[in-house]
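Structural features, examined
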Amino acid sequence: MSEVVSTTSSARRETLGGIVYRIYALRGWVRRARKRLHLFRKNDVDIETNFREAIRENPEEEEEKSGIFHFTVDEHSNSFYLWTCLISLVAMHPLIFTALSVFNDIHPFLRRTGPFNLIFDLLNIMDLIVHTRIEYVENGVAVKNLSKLMHHRLKSKFFILDVIAVVPAESLEVFGQSFFWARINRLTKCYRLFDFSTQTDTRTTSPHAFGLFKLIFICLVIFHWNGCLYFHISKFYNYTTARLEHWIFSYDKIINPILAACVTDIPNDKDFCDTDDFLITHLPDNEVQSTVTSFMDTWNNKTRTLKFDNFFRQYALSFYWSALTLVTLGEQPSPCTTFQNAFEIGDTLLGLVIFAVIVGDVGNMVVAINLRKSEFENVLDGCKRFMVYRKVPNLLRKKAVEYFGYVWAHGGAQVDEEEIAEFLPPRLFGEIAVEIHMDTLKKVKLFEDCDPRLLYELILKLQLRVYSPMDYICKKGEVGTEMYIVKEGFVEVVSEDGQTIFVTLPAGFVFGELSILNIPGNKNKNLRTASVRSKGYSDLYVLDKEDLWEALREYPQAKDSLIEKGIQILEKDKMIDPNMVDDEEGDFGGSIEEYLEHLEKEILKITTIVDDAEKSIHTSQQRMKTRLFGMEMELIGEMRRMGKGRKNRWKGVTTF
Ligand SMILES: Nc1ncnc2c1ncn2[C@@H]1O[C@@H]2COP(=O)(O)O[C@H]2[C@H]1O
């Protein structure tokens, strides 16, 4: 059968039909190829369009626009923060003065501040414009395109608030005489106070103090509005005729203080003022009235009244009432009507909520302020209890307690560096660490010509350790596993018995490097050449041998230069044996075991890479096979169609 097929196909290949068939097949291929090409091109165009879009978003590619009208604003910049501060002041104006307008006596003053209102309105308009230029982040890129910024702002709900705030409602005269209430729409700008709070929270170094300030401010504003409302209600009940025992405002409740005029006006009458004859408590009841009257006569023309204007008395008493009611301290005359009752109940409920919030917030703040301190004290107490329980000698106990004191005084326990390191992205934390430690590391002679990238690598691996006075950091003859950089304090390089001090190293000096650098010819090999102890308290950066060598592997030049410096130090002390130089294990920084371990790790890495490569080859082979199979099937299908077509044509010819 197969022979028949092969004969037929070979015959077809040799005939004209075979050639035609091939041409058709080729044409089909070309058509499909064109289709695909078209699709690819379309994709290319899409990609290009996206790329152009992306470029447009890229600040560097943004077409240069100049002029003051083409500015954009970075909302994290200092200038925008200052602007927010200014607008916050503007927003506070209606927050305070709108409510104050219930006091008629202040109206002349409010009218005089008209020009300021104009300035505040202008600033609000400017703020509206500024907000249409605030950059925002899209797909990780800061958008600076003006039309996009405008569009973004238009979609924001705050835009509506900005627009409401700039409506000149007072000029519409819909409020008639209540000119001041007409400016109530400016209150929508108060959202900028929250902006100010958020921005200050991220900038301030005393968040708790700022939190307390915010709380007090919010309380004062609530007291203020509630007080003004109280006075407004009092106006309905005609407060001018109200008496002391009435719930509403009355002048009786806040009389102008009457002071004795004797001391200032009648200096010679001092004895008269000092006398205690005025005590009426010992008098019988029937004599009290006459005595009081006689006293009043006596005091006539001997008193001085401190006159406060009506606005001051109205506002002071209303504010006082409001504060007392809201903090539920009460002691006010009882309300007499249903409305007064309802208002008082509402106020008390609001007061309860405010009170709960204040107590909760202040409590949280106090806890947060003392949290570190109390945690630290817990550890200290635990340590003390442990030492008592384990009967640690007094001298050692004293040393431990002093160590706690030193660590706290130097801010060691006040922040949890590990917690911060876990939270921040590694790169950012690295940058902060570089900023903090770079100065010390630059001072280190050993690293002075080092590649800055190596320093960066090393900084990320540094650990800070504190040593107490006379603590030994390393002892002569021990195997070196780490090196040290003095950050603060002094260390002494001493003989084995600690009697002879060879040298005292101040901040910025390195020690412990000779035994970990694997210096060729080092007579001590990887053993410490001397003992080192802390003179007083000292803060040291510790760098692990493994970490140092891992970093040095990437920077061979830096490694050579470090070894060179180590040789110079050893040569000075005649600690280099030229005969030993050739016997070294090579330039790997460690023992044979460590070297083998390292090799094992490397082999493991290579094996993983080979495995991955094998997997990807296998996958691509599979894909290739599937594709070839698909093509084959397509070809066969095409061939079948071609065969049918030809048959039909021949049929047609015959019929004809
Ligand atoms: N004479 C010296 N002057 C300065 N530092 C020294 C001296 N001798 C030893 N050291 C340091 O003391 C360290 C002890 O441990 P290492 O041998 O690893 O490295 C040593 C040097 O860093």
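Residues numbered from 1 in each chain as written. Predicted model: local features only at pLDDT ≥ 70, side-chain atom pairs only at ≥ 80, totals over all residues. Heavy atoms only, no water.

By the naming in an unreviewed UniProt entry, the protein is CRE-CNG-1 protein, taken from Caenorhabditis remanei. Taken verbatim from the UniProt record of the protein, the Subcellular location (unreviewed entry) comment is "Membrane". (UniProt positions renumbered as here; feature names shortened; annotations may be inferred.)

Before going further, it helps to spend a moment on the sheet that holds strand β10 (residues 510–511). Pairing in this open sheet of 4 strands is antiparallel, and the strands run β5-β12-β7-β10 from one edge to the other. Pairing within the sheet leaves two strands with one partner each, and these edge strands are β5 (463–467) and β10. Where strand β7 (residues 482–488) and strand β12 (residues 538–544) come together, 6 bridges link them in antiparallel fashion. Considered in β12, the bridge of E488 is made with D539. (Pairing = 2+ DSSP bridges. Helix = DSSP H or I, 4+ residues; strand = E, 2+ residues; numbered from the N terminus.)

Tracing the chain through its elements places T98 in helix α3 (residues 78–100). Reaching out from T98, the side chain makes a polar contact with the backbone oxygen of P94 at a distance of 2.6 Å. (Polar contact = N/O pair within 3.5 Å; in protein donor to acceptor, adjacent residues only side chain to side chain.)

Between α3 and helix α8 (residues 191–203), the least distance of the axes is 8 Å, while the angle of their chain directions is 140°. Taken together, the axes of α3 and α8 are oblique relative to one another. Helix-helix and strand crossings are classified by hand; for α3 and α8 the assignment is left-handed. For the pair α3 and α8, the contacting residues are N78, F80, Y81, W83, T84, C85, I87, S88, A91, M92 and L95 in the first and R192, L193, D195, F196, Q199, T200 and R203 in the second. Residue composition of the contact of α3 with α8, by class: 10 nonpolar, 5 polar and 3 charged. (Axes fitted to C-alpha atoms, helices over the stretch in contact; angles between N-to-C directions. Parallel < 35°, antiparallel > 145°, perpendicular 65-115°, else oblique. Left-handed = near helix turned anticlockwise from the far one by under 90°. Contact = heavy atoms within 4.5 Å. Nonpolar A, V, L, I, M, F, W, Y, C, P; charged D, E, K, R; others polar.)

Let's shift gears to the site of the ligand. Close to the ligand lie V493, V503, F511, G512, E513, L514, S515, R528, T529, A530, V532 and D573, which account for all nearby residues. Within the side chain of R528, one N or O atom sits 2.8 Å away from an oxygen atom of the ligand. A distance of 2.7 Å is found between an oxygen atom of the ligand and a side-chain nitrogen or oxygen belonging to T529. Within the complex, the protein chains bury 85% of what would otherwise be the 450 Å² of accessible surface of the ligand. Of the residues that constitute the shell around the ligand, the class distribution is 6 nonpolar, 3 polar and 3 charged. (Near = heavy atom within 4 Å. Areas by Shrake-Rupley, 256 points an atom, 1.4 Å probe, with all protein chains shown as cover.)

Regular strands place side chains that alternate from one sheet face to the opposite one. Of the two faces of strand β11 (residues 531–534), the one holding S531 and R533 and the one holding V532 and S534 are both buried throughout. Summarising the sheet, strand β6 (residues 472–474) and β11 pair through 2 bridges and their orientation is antiparallel. Paired with C474 across the strands is V532, a residue of β11. Bridge analysis of strand β8 (residues 491–494) against β11 gives 4 bridges, and the strand direction is antiparallel. Within β11, the residue paired with V493 across the bridge is V532. (Buried < 20%, exposed > 50% of the residue type's maximum accessible area, 1.4 Å probe, protein only.)

Attention now goes to the pattern of salt bridges. Counted by the stated rule, this structure contains 15 salt bridges. A salt bridge links R186 to D121; the shortest N-O distance between them is 2.8 Å. Linking R186 in the loop between α7 (157–165) and α8 with D121 in helix α5 (residues 114–131), this pair joins segments that are 65 residues apart in sequence. Exposure remark for D121: the relative accessible area of 16% places this residue in the buried category. The residue D201 makes a salt bridge to K214 at a minimum N-O spacing of 3.1 Å. Linking D201 in helix α8 with K214 in helix α9 (residues 207–236), this pair joins segments that are 13 residues apart in sequence. Where salt bridges share partners, they join D127, R153, D162, K189, R192 and D195 into one cluster. (Salt bridge = Lys/Arg side-chain N within 4 Å of Asp/Glu carboxyl O.)

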